[in-house]
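An overview of the molecular structure
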Amino acid sequence: MITAQGLLVSGVRQLTAGGIDGAAQDARVLLAHVLGIPRDRLTLVLPDAVTADQEVAFGAAITARLARQPVAQIVGKRLFYGRSFTVTGDVLDPRPETEELVAEALKHPYKTVLDLGTGSGCILLSLLAERIDATGVGVDLSDAALSVAKQNRTALDLEARAEFVSGSWFGPVQGRFDLIVSNPPYIAADEMAGLSQDVVQWEPHLALTPGGDGLEPYRILTRQAPDHLNTSGRLVVEIGRSQGPAVAEMFRAAGFVMVRVGQDMDGRDRIVCGEFT
């Protein structure tokens, strides 16, 4: 008889031998997924026998992780700002650091939101879920990403308040908004080689890097956002750890006031925000 505990021990051993950071946590998440139970219930069922199908499914999940496929892609879900979002290889895996952008945006009132480079829709949909009277638009160049965003919109019952459109940056955008947010591709071309294989092999490069110095999206955002913001509207963007000073200067040069660089939970520069009057 093979138990869930036996599978877990085997999974941790394989992932550790394969050089996977956080092997124990990853194995637990994958096992809970295969067993179809919440992660916080896994300990309770560890003594239980597993089926042959579950054993095979867990083995496949471990093999995928050894190939550096992100856990979120294997299980198809990621928790972000307290809600579950569908994740595929067509979108960035929503990261805890990006929750700082949502938290910053929530510090001020808004009724209309524009999310540029929306990907899975996790930022826009979180902001709408937190403000029940708000509506918003998400823009992405990738139709495959927009398909994922629409799935998440349906799952969160936000179809009446969220619109997703295909296009590049402000190209398809009409009207003005109280809040513009973006987690744009910002990794410089020469930094791509230093990323983990989990990212390089499995996440869409279109959403990771714009090429060059990584700053071109911020030049576009700061230059064009004023034409799409209401009076006292805000722009909030995620940045790379070394980009704070340069992006903040772009905000000021474009006429934004109350410009601030915010840090993530590890104390690294993570967001830049400002108000346009």
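Residues numbered from 1 in each chain as written. Predicted model: local features only at pLDDT ≥ 70, side-chain atom pairs only at ≥ 80, totals over all residues. Heavy atoms only, no water.

Of note, Arg68 is a non-glycine position whose phi angle comes to about 75°, a positive value. Within the secondary structure, Arg68 is located in the loop between helix H4 (52-66) and helix H5 (71-75). We classify Arg68 as partly exposed; its relative accessible area is 23%. (Helix = DSSP H or I, 4+ residues; strand = E, 2+ residues; numbered from the N terminus. Buried < 20%, exposed > 50% of the residue type's maximum accessible area, 1.4 Å probe, protein only.)

A few words on the state of the cysteines. Taken as a whole, this structure holds zero disulfides when the rule is applied. A disulfide-free cysteine, Cys122 has its sulfur positioned 18 Å from the sulfur of Cys273, the nearest such atom. Look at Cys122 and you get buried, because its relative accessible area is 8%. (Disulfide = S-S within 2.5 Å.)

A sheet is described by the order of its strands in space; here seven strands give the open sequence E5-E4-E3-E6-E7-E9-E8, paired in mixed fashion. Strands at the two margins of the open sheet, each flanked by one partner only, are strand E5 (162-166) and strand E8 (256-263). Here the strands of the sheet are splayed against their neighbours by 15° on average, with no regard to which way each runs. As paired elements, E8 and strand E9 (residues 269-276) share six bridges and run antiparallel to each other. Bridge assignment links Val261 to a residue of E9, and that residue is Val272. Across the sheet, helix H8 (residues 143-155) is in contact with strand E4 (135-140) and E5; its angle to E5 comes to roughly 170°. With respect to the sheet, helix H10 (residues 216-224) is in contact with strand E3 (112-116), strand E6 (177-182), strand E7 (229-238) and E8, its orientation differing from that of E7 by roughly 170°. (Pairing = 2+ DSSP bridges. Axes fitted to C-alpha atoms, helices over the stretch in contact; angles between N-to-C directions. Contact = heavy atoms within 4.5 Å.)

Before going further, it helps to spend a moment on the packing of aromatic side chains. One pass over the full model with this rule turns up three aromatic pairs. Ring centres of Phe80 and Phe85 lie 6.1 Å apart, and the angle between their planes is 80°; this geometry places the pair in the edge-to-face category. The class for Phe85 is buried, based on a relative accessible area of 0%. Within the aromatic cluster, the residues linked to one another by ring pairs are Phe251, Phe256 and Phe276. (Phe/Tyr/Trp six-rings, centres within 6.5 Å; stacked < 30°, edge-to-face > 60°.)

By size, the foremost hydrophobic cluster in this structure holds 32 residues, and its most contacted members are Leu114, Leu116, Tyr218 and Val237. Mapped onto this core, the elements with two or more residues apiece are E3, E4, E6, H10, E7, helix H11 (244-253) and E8. For this core, the element with the most residues is H11, which contributes four residues. Sequence-distant contacts of Tyr218, that is, excluding residues within four places in its chain, are made with Pro184, Tyr186, Val237, Glu238, Ile239, Gly240, Gln243, Val247 and Met250. (Core = buried A, V, L, I, M, F, W, Y, C linked by side-chain atoms within 4.5 Å.)

Topologically, Asp26 is positioned in helix H2 (residues 23-35). Within the local environment of Asp26, its side chain forms a polar contact with the side chain of Arg65, the two groups lying 2.9 Å apart. If we skip the residues at most four places from it in the chain, Asp26 touches Leu15, Ile20, Asp21, Arg65 and Val71. (Polar contact = N/O pair within 3.5 Å; in protein donor to acceptor, adjacent residues only side chain to side chain.)

Just distances and angles here, no functional claims.
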